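Geometric and topological summary
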There are 6 protein chains.
Amino acid sequence: MSKYRIIADAIADMPWQEAPKDASMQAPLWRYSGNPVIKRNSIKGVSRIFNSALVPWKDGYIGVFRGEQTDGMPMLYLGRSNDGLNWKFDDRPIQFKDEDGNLFMPEYAYDPRLTKIDGAYYIVWCQECYGPAIGLAKTEDFENFTRLENPFIPYNRNAVLFPRKVNDRYLMLSRPSDSSHTPFGDIFMSESPDMTYWGRHRHVMSRGSKWWESVKIGGGASPIETSEGWLMFYHGVSSTCSGFVYSIGGAILDIDEPSKVKYRCSTFLLTPEEWYEQTGFVPNVCFPCSTIADPATGRIAVYYGAADTYVAVAFTELDRIVDYIKEHSELHDSDTEPGRK
Amino acid sequence: MSKYRIIADAIADMPWQEAPKDASMQAPLWRYSGNPVIKRNSIKGVSRIFNSALVPWKDGYIGVFRGEQTDGMPMLYLGRSNDGLNWKFDDRPIQFKDEDGNLFMPEYAYDPRLTKIDGAYYIVWCQECYGPAIGLAKTEDFENFTRLENPFIPYNRNAVLFPRKVNDRYLMLSRPSDSSHTPFGDIFMSESPDMTYWGRHRHVMSRGSKWWESVKIGGGASPIETSEGWLMFYHGVSSTCSGFVYSIGGAILDIDEPSKVKYRCSTFLLTPEEWYEQTGFVPNVCFPCSTIADPATGRIAVYYGAADTYVAVAFTELDRIVDYIKEHSELHDSDTEPGRK
Amino acid sequence: MSKYRIIADAIADMPWQEAPKDASMQAPLWRYSGNPVIKRNSIKGVSRIFNSALVPWKDGYIGVFRGEQTDGMPMLYLGRSNDGLNWKFDDRPIQFKDEDGNLFMPEYAYDPRLTKIDGAYYIVWCQECYGPAIGLAKTEDFENFTRLENPFIPYNRNAVLFPRKVNDRYLMLSRPSDSSHTPFGDIFMSESPDMTYWGRHRHVMSRGSKWWESVKIGGGASPIETSEGWLMFYHGVSSTCSGFVYSIGGAILDIDEPSKVKYRCSTFLLTPEEWYEQTGFVPNVCFPCSTIADPATGRIAVYYGAADTYVAVAFTELDRIVDYIKEHSELHDSDTEPGRK
Amino acid sequence: MSKYRIIADAIADMPWQEAPKDASMQAPLWRYSGNPVIKRNSIKGVSRIFNSALVPWKDGYIGVFRGEQTDGMPMLYLGRSNDGLNWKFDDRPIQFKDEDGNLFMPEYAYDPRLTKIDGAYYIVWCQECYGPAIGLAKTEDFENFTRLENPFIPYNRNAVLFPRKVNDRYLMLSRPSDSSHTPFGDIFMSESPDMTYWGRHRHVMSRGSKWWESVKIGGGASPIETSEGWLMFYHGVSSTCSGFVYSIGGAILDIDEPSKVKYRCSTFLLTPEEWYEQTGFVPNVCFPCSTIADPATGRIAVYYGAADTYVAVAFTELDRIVDYIKEHSELHDSDTEPGRK
Amino acid sequence: MSKYRIIADAIADMPWQEAPKDASMQAPLWRYSGNPVIKRNSIKGVSRIFNSALVPWKDGYIGVFRGEQTDGMPMLYLGRSNDGLNWKFDDRPIQFKDEDGNLFMPEYAYDPRLTKIDGAYYIVWCQECYGPAIGLAKTEDFENFTRLENPFIPYNRNAVLFPRKVNDRYLMLSRPSDSSHTPFGDIFMSESPDMTYWGRHRHVMSRGSKWWESVKIGGGASPIETSEGWLMFYHGVSSTCSGFVYSIGGAILDIDEPSKVKYRCSTFLLTPEEWYEQTGFVPNVCFPCSTIADPATGRIAVYYGAADTYVAVAFTELDRIVDYIKEHSELHDSDTEPGRK
Amino acid sequence: MSKYRIIADAIADMPWQEAPKDASMQAPLWRYSGNPVIKRNSIKGVSRIFNSALVPWKDGYIGVFRGEQTDGMPMLYLGRSNDGLNWKFDDRPIQFKDEDGNLFMPEYAYDPRLTKIDGAYYIVWCQECYGPAIGLAKTEDFENFTRLENPFIPYNRNAVLFPRKVNDRYLMLSRPSDSSHTPFGDIFMSESPDMTYWGRHRHVMSRGSKWWESVKIGGGASPIETSEGWLMFYHGVSSTCSGFVYSIGGAILDIDEPSKVKYRCSTFLLTPEEWYEQTGFVPNVCFPCSTIADPATGRIAVYYGAADTYVAVAFTELDRIVDYIKEHSELHDSDTEPGRK
């Protein structure tokens, strides 16, 4: 009998593997033993796939993948899987169109998230728009992809939609940035009545005083609605003399006022330890972008990019992860301020 | 008989001084001989007033002024003048309230612009909001000031409202920034149906290839509606081994699609030359924030901050300035692109 | 009848000028109308004298001066004056010897402070020691100067001695630095039983949240003992896109536990406004290094370097300055913490 | 019959492994085949243990370990071992008290060294004190740990005590730093009569002209007293386009005047080559912190942190290492200068 | 029957391995399965050999190798091989002499290229000359090495000679740099009538807009003369938050006007994927310096430094690589401009 | 009767003013009392003229001037003067042609020097060539200007020709740079047999250990041939927290081997002190570019740019300046090394 509930559509058959019997596991988030689930050179002309997102679709799963082409430019590719672990990809990038049906491609696009809201699927990503900015598109069939207006002025990255309207407004997390390897970053939330105009921006969480997330934080997977609030997996970044280290963190936001942080885990949930996380195009990166969460069992699969080179999966269970976050929760002043100044 | 027309309310008695008989004047924008019109220490507890904006009000003028307090923090102060040149200031900063009437003060506020739209007066400024961000307030009587929602996520500066709706949308220019002395910056434009939610962001102008504006550009005064388009005075920044130099530039935007640049002057219109522009808290700054434009005579007064220390005024006439801008116009690719990506 | 008392030796005839009748003066510290009192090229082979310190000596004053030689290297020069305003300088730098009487010259030396303790005179300065470090010397006759051990490991600047032992320990303020134009800096205090070994280091004050002192702060003149505590004039630094601005601030430290700040003025007391402060080798610098304080009248003269080019003087009176500091006092958490971690 | 002698307490049964028969070994320092001896996640709530120090204690060894907690903050943990290779750790950080017996914990603490002097054990480490600074504590029983005064003002790192007084003074090496990933660093030495007040600071060694140590150097293990002088293992840092590389170097200091370098090895003794040195939280780090040296056999075990993730051990013999250092010795001017300026 | 021809001396027995049957290979350049062919510590006193060049010589091959000594300093070493895969090295660096026969050694030397022109062998490398600069030497017997004048003022790196005169002038590619880890770089070409005086400098190729080469590019191996033009393997650099990533690219230059780029491959040909490319002194480096090209078979072996630690080999065939470059060619404006300004 | 001789063409009537009777003058170089001789806005469309060079021509003088256009871009303008003090300028930039007579204009051009060699006049300047690089042109009539090949690869600035061949080779000084406000810089010398191909590069002088020239140095005016050697006025740069300070220095080079420094003045000869040197587009700049030297009288006029805004003149006499340089000469190791590595 579980303590907490996931509020979401039922999942027929999600990827799963039990926790290892390993006393050394620090937090209740464990890696899939078959990691990485997506390896190098899985598409002709694409050298690395990582930082990607998926949803249940028909009898299996469909996803939007960051494909780093052999010219070094990232584009978004569609992938399909029966089991969420073995993937087949389209040969060419997703073809976006504008509202008039004309092809309207970004020069590059990366770090997509994918969220189902009211029966439609929304993709948000980062792209060139006189600097890095958030792109937004909608599809209902994964065949036609219509770009909506970019929600924000650059420079912005790591936008994440909530899976439903709250107080009759769409909600989007994002992380204002600069034009390069941004050395700072907090999570903000914005509202929209119509997915075109955005406002009532609120500060949600500051980068932390703890070193694992002291440089910057950014939204990861779309928040999971639970009986305790919105369960959010995000990334936190530490700085070393050899570059950044990206770990996975967790927080729980208030259901009705999600800019209010209820619990924020002071420790990371997962940090680079395995070869596919420690070596690759960018060493030492665990970057969560998507989850599958099963209301029936409380099982959660977290998909994360590894070393800007691979896609990996980790598992947890709702009760365990929520209890862990609560037990290790430390709130910052800037987390509990109204977020408006 | 003038070639071009200003489309604005009539001005009874605006500050004015004829152009000097000086062959060395490069562009048709000449300084007021009584500059600076506002000097140091004009308010108890405020050491410098600069980068400020004004509007005609009753029989004279009223303005919102950046007052750098003796603790180094900028706040907004109200000032009144009969002639636009001699000013009296309130003792304490403008008291902003939220929509519920509660005092709602920014921690600091600077570089205000002031624009009359449909009979109400809107102040935009830059303020602390987990980084520099745009603040927005409305007044109808200059006694009660109600803050509206911040239009954008940080980091942003130099927001400027258009003096009327275009295509039934409010328009705001702004310059996305970073958290410090930003070394880059272009002008963007955003639309809003209601002054709360903003979207349909468009890139207007890039910093220029010419060195006087090669580091960054930012909106200055609210655009003046003319028969040729929106006449915009803005600032352009050059970088030297001793810091930045701010000059005044000019452009004309399409009346109905203002993200489209019709003419962009390749030269500055005014650059620091006088003692009050060359020495002060930040040497070598001419920073335009406001204009008075008289439809009857075509006279225009440009108010600009000087050296982050003083307020100064320069004058021009519509026909002369428009012709100069046209003759020296050079458009960049990024100026004439649709501004959407 | 004064409210507060200065606890120090009587001064026969100190430099003085009454406050101007100028409503625009923000704080009760006013400039000498004959500023700068030391101009360029006052010594053959020395182009600029600034950031210097003096004490009453015999019938007049004697001082240790930062002399920037025509090769750009700073060295310490002795100067003498009858009135504290007109100065004569030695031709060559002060000749320091080690404890064995051998010549022991620093490669360069700058920003000296000069303090009389128990009848002897101590000079502290910044010098090359595998990076910038504090130098220390003692004289009793201003003819023989014996260097003591450097009190601290580099990198350190702006060391200032207290004019008497407290709790039987010598006290020295200093500001740990880096090896260049340090972009951070707090004031620390160290104790010594013997002027050779130093310890029990305490944090005194952090750079401030107010912008005039948000980059760094550093000790200025030797603290003046008063009935309210140690009155300390220090410098605070602001950062602009064209470099640093140095202003003069004030604080009052606890008499018996000087690492405890009793009052800290949230505003500057003097900021660059005059030509000799705004232009020179480093524009916009007011850098206090020394005071003369007369117990009989409460008069205080503050000597400060201007623009790294001149020596200037400002005046105040004890009651006025103490009251002003108290009225504008804002303490920071890090000011009132024990200072030990 | 050995050429040189170690002057230290006898060691009963130290960890040991003979040198491999590998012609490719460049210097006589060889890795333990069972490396790393401490792996990830060895303590609940601590993800990595590295950069740690130990001493013989009772029938085995005891040590003070840098434990990087799962919130990214480093703290000091006690560990015990029978053989110096297999370790058991306390669950919670060492509880430090002040002189009055009150709990007095640093906010974070890292890179401890552990030195026995006159029967007591001293721990030095780096910790938060308004910037990174040296912490110091004493224990006699490894149950009660009393913090002494911090010896130096920040910013400082890599402090190392000598195992006995020299000329009746305690000696401590340290490396003045800045507040971040310091890009410079030399080794200094300070004296103290009482472990409270420190002075007579001397420059010992500059970072080298050879690239393996051209960025910075820092004291490693407590110097080993030998018949040739103080044998010091230290770290030297090289800079690449992907960050720093830390190698192990060696030098021999004069017994009576240890600020005088007798021999300094121009080559590294060990540089990252193994997987546990090349990959981890900070790739390419070999960071020596402690040795065990057996006078009877001349055997020396060097404990070093690997990749800021592991603890590893390397072995050498006194005669071989001293001869190697002598043969490859190159002294710099700044090594042989008096060290006082 | 091959489509294209290599114009070069016949090669008796070059190293070769057929392409793997691996669908994931993106470009027709495949790694030797025995990589790395040169491992760590192959010479006493030299810890790493990489970024090196070779030519056929007598019955086998001879090469000039970057040997990173155990003091971290790079020097050039001679190596010999029968098969181009197994190498024997001289113990000490190549002894260069000046024109008068006096020993004339660089302080350090790295990244050599080796080119046969008109029967003589020329070595170019980067060395200290008041900053990094190009060194140049000539040998006819690999026993006597005479240094010629340095062709360029510093700061310059990655110089590469063409294997014959063009229009009666020697040609050298180079990449002007700064004094550190240069964050920019284009390829230029210079002419010389006599290998002493150089001029008629032309810009050949700019760093690319594609991210794999967006930071800088530099000449790699001496261009191979083919029926399609000069086939050039070069390196392109991408920037991540953990440093640079070096990949191998390809272009074809006009035979008679080699500053004119005919084809430029928009994708990399090889990017770090293997352990010896991903981990080492500098992770993620593939740095081509030399080729062997057989006119009879069209076989090409590309030698590249891996991770600044190893030497590795990749293979291709002329027809396949030329066709691939043509199919993926994208020329930049600055590639096709005259190269003179 | 003068001690030393100038070896140059006779000058009919050069600008002159006797030294002031001012004890404060540090070095024998005194400013013209009518400075600045060229003020702002002297040409329509050009806001500032500075850093310029002139030669005697017919009955007066002709010069090549850096004209900073009102778009911020520098171009070269011709100016004529009867007396060397009052100047008339052409309206448009100098029109350069290539060897075929086609117009061949640089995108921008600045800091010209002008040197007569064997009856022809050569202009060298800095210009855009995929980064800042040296441009070179020749004229015989100041009506036709033919560009020669750029002598060096970028990035380079401050090239200066010697007024005659030495050892049958043209000689050019230059200062290798980076692509921005270069924070380093030494003077090198190159030889050419034909003004097309350049080589035998030698290091002449390093930036100095004295602070007035510790950041960088660069060639100023064409060296004056004297009986003591080549008298060279150059610029030296100091760094402050508000930017760079440019002073004028002097050195004497060996007549036959000018890469050999005979005397180098350890002090500056002139440093910014006047309003036109301290304020302007770049405060605190004295930048020498040209001299007039009269063999008959030994009089020398030094033309220098002031504050990147004005042209100013200073005077000296050969005997006085040579003696001063000799008396204050300090040679650095890198000055007297052969300059070849």
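Use the structure listed above.
The text that follows walks through the structure, step by step, so that each part is easy to find. (Residues numbered from 1 in each chain as written. Chains lettered and ligands numbered in written order. Predicted model: local features only at pLDDT ≥ 70, side-chain atom pairs only at ≥ 80, totals over all residues. Heavy atoms only, no water.)

A few points about the overall build of chain A
Rules: For helices the rule is a DSSP run of H or I covering at least 4 residues; for strands it is a run of E covering at least 2, with both sets numbered from the N terminus onward. Here's how the labels work: a residue is buried when its accessible area is under 20% of the maximum for its type, exposed when over 50%, partly exposed in between, all with a 1.4 Å probe on protein chains only. Throughout, a residue-residue contact means that at least one pair of heavy atoms, one from each residue, lies within 4.5 Å. The method behind every accessible area is Shrake-Rupley, applied with a 1.4 Å probe, and residues are considered shielded solely by the protein chains displayed. Only four residue types enter the tally: Lys and Arg on the positive side, Asp and Glu on the negative side, with His and both chain ends excluded. By convention, charge coordinates are those of NZ in Lys, CZ in Arg, CG in Asp, or CD in Glu.
Helices and strands together make up the secondary structure of chain A, namely 3 helices and 22 strands. Viewed in the frame of its principal axes, chain A has a C-alpha envelope of about 50 × 45 × 45 Å. In chain A, which comprises 341 residues, the proportion classed as buried is 72%. At a minimum sequence separation of 6, the contacts of chain A that also span at least 24 residues come to 55%. For chain A, the exposed area adds up to about 11000 Å²; of that, 44% sits on carbon and sulfur atoms. If the 36 positive side-chain charges of chain A are averaged to one point and the 45 negative ones to another, these points end up 1 Å apart.

What to know about the sheet that holds strand β20 (residues 286–293) of chain E
Residues and elements named next belong to chain E. Just so we agree on the cut-off: When DSSP finds two or more bridges between two strands, those strands count as paired. To obtain an axis, a line is fitted to C-alpha atoms, over the contacting stretch when the element is a helix, and the angle between two such axes runs from 0 to 180 degrees between their N-to-C directions.
Spatially, 4 strands are ordered β1-β22-β21-β20 in an open sheet, and the strand pairing comes out antiparallel. A strand with exactly one partner marks an edge of an open sheet, and here the two such strands are β1 (30–31) and β20. In the packing of helix α2 (residues 318–327) onto the sheet, the strands contacted are β1, β21 (299–306) and β22 (310–317), and the crossing angle to β22 comes to about 85°.

Some points on helix α2 (residues 318–327) of chain F
Residues and elements named next belong to chain F. For α2, a buried count of 7 out of 10 residues is recorded, marking the element as mostly surrounded by other parts of the structure. Among the residues of α2, those classed as buried are Leu-318, Asp-319, Ile-321, Val-322, Asp-323, Tyr-324 and Ile-325. Close packing links the buried residues of α2 with β16 (224–226), β17 (229–240), β18 (243–253), β19 (261–264), β21 (299–306) and β22 (310–317).

Observations concerning the interface of chain F and chain B
The test is simple: Each of two parts loses accessible area, computed with a 1.4 Å probe, when they are put together; buried area is these two losses added. Put simply, a salt bridge is a Lys or Arg side-chain nitrogen that is within 4 Å of an Asp or Glu carboxyl oxygen. Side-chain atoms alone can form a polar contact between residues adjacent in sequence; in general such a contact is a pair of N or O atoms within 3.5 Å, and within protein one must be able to donate a hydrogen while the other accepts it. Side-chain classes are defined by residue name, with Ala, Val, Leu, Ile, Met, Phe, Trp, Tyr, Cys and Pro counting as nonpolar, Asp, Glu, Lys and Arg as charged, and the others, Gly among them, as polar.
Each side of the interface is counted separately: chain F has 25 residues, and chain B has 22 residues. Summed over both sides, the interface of chain F with chain B buries roughly 2000 Å², with 54% coming from carbon and sulfur. At the surface where chain F touches chain B, the tally comes to 1 salt bridge. Between Lys-210 of chain B and Asp-71 of chain F there is a salt bridge; the shortest N-O distance is 3.6 Å. Our count for the contact surface shared by chain F and chain B stands at 15 residue pairs in polar contact (both at pLDDT 80 or more). Listed by contribution, the elements that provide at least two residues to the side of chain F that touches chain B are β2 (46–57) and β18 of chain F. The element best represented in the side of chain F that touches chain B is β18 of chain F, accounting for 3 residues. Residue classes in the side of chain F that touches chain B are distributed as 11 nonpolar, 11 polar and 3 charged.

Things to note about the sheet that holds strand β8 (residues 120–128) of chain B
Residue and element names in this part refer to chain B. Pairing is mixed across the open sheet formed by 5 strands, whose spatial order is β6-β10-β9-β8-β7. With one partner strand each, in any of the chains shown, β6 (96–97) and β7 (109–117) form the two edges of the open sheet. Sheet topology places β8 next to strand β9 (residues 132–139); 8 bridges connect them, and they run antiparallel. When the bridges of β9 are listed, Cys-126 appears paired with Ile-134.

Some points on the packing of aromatic side chains
Worth spelling out the cut-off: To pair, rings of Phe, Tyr and Trp, with the six-membered ring standing in for Trp, must have centres within 6.5 Å; the planes then decide the type, stacked if under 30 degrees apart, edge-to-face if over 60, and tilted in the middle. Throughout this description, the term charge over a ring refers to an Arg CZ or Lys NZ atom that lies within 6 Å of the ring centre and within 35 degrees of the ring normal.
A complete count under the given rule lists 144 aromatic pairs over all chains for this structure. Ring geometry for Phe-65 of chain C and Phe-89 of chain C: centres 5.0 Å apart, planes at 85°, overall edge-to-face. Within this pair, whereas Phe-65 of chain C is found in strand β3 (residues 60–69), its partner Phe-89 of chain C is found in strand β5 (residues 88–89), the two being separated by 24 residues in sequence. When sorted by exposure, Phe-65 of chain C lands in the same class as Phe-89 of chain C, which is buried. Their ring planes at 90° and their centres at 5.5 Å tell us that Trp-275 of chain E and Tyr-276 of chain E sit as a pair that is edge-to-face. Classification of Trp-275 of chain E as partly exposed rests on a relative accessible area of 47%. Note on Tyr-276 of chain E: relative accessible area 4%, which makes it buried. Put simply, the rings of Trp-57, Phe-96, Tyr-121, Trp-125, Phe-142 and Phe-145 of chain A touch in pairs and so form one group of aromatic residues. The lysine or arginine in question, Arg-147 of chain C, covers the ring of Phe-104 of chain C, its NZ or CZ lying 4.0 Å from the ring centre.

Some points on the pattern of salt bridges
Tallying each qualifying case throughout the model produces 132 salt bridges over all chains. Ionic contacts of the salt-bridge type, sharing partners, join the residues Glu-99 and Glu-149 of chain A together with Glu-191, Arg-200, Arg-202 and Arg-340 of chain B into one network.

Looking at the arrangement of the chains
Separated without contact, chain A and chain C have their nearest C-alpha atoms at a distance of 15 Å. The closest approach of any C-alpha atom in chain C to one in chain E is 19 Å; the two make no contact.

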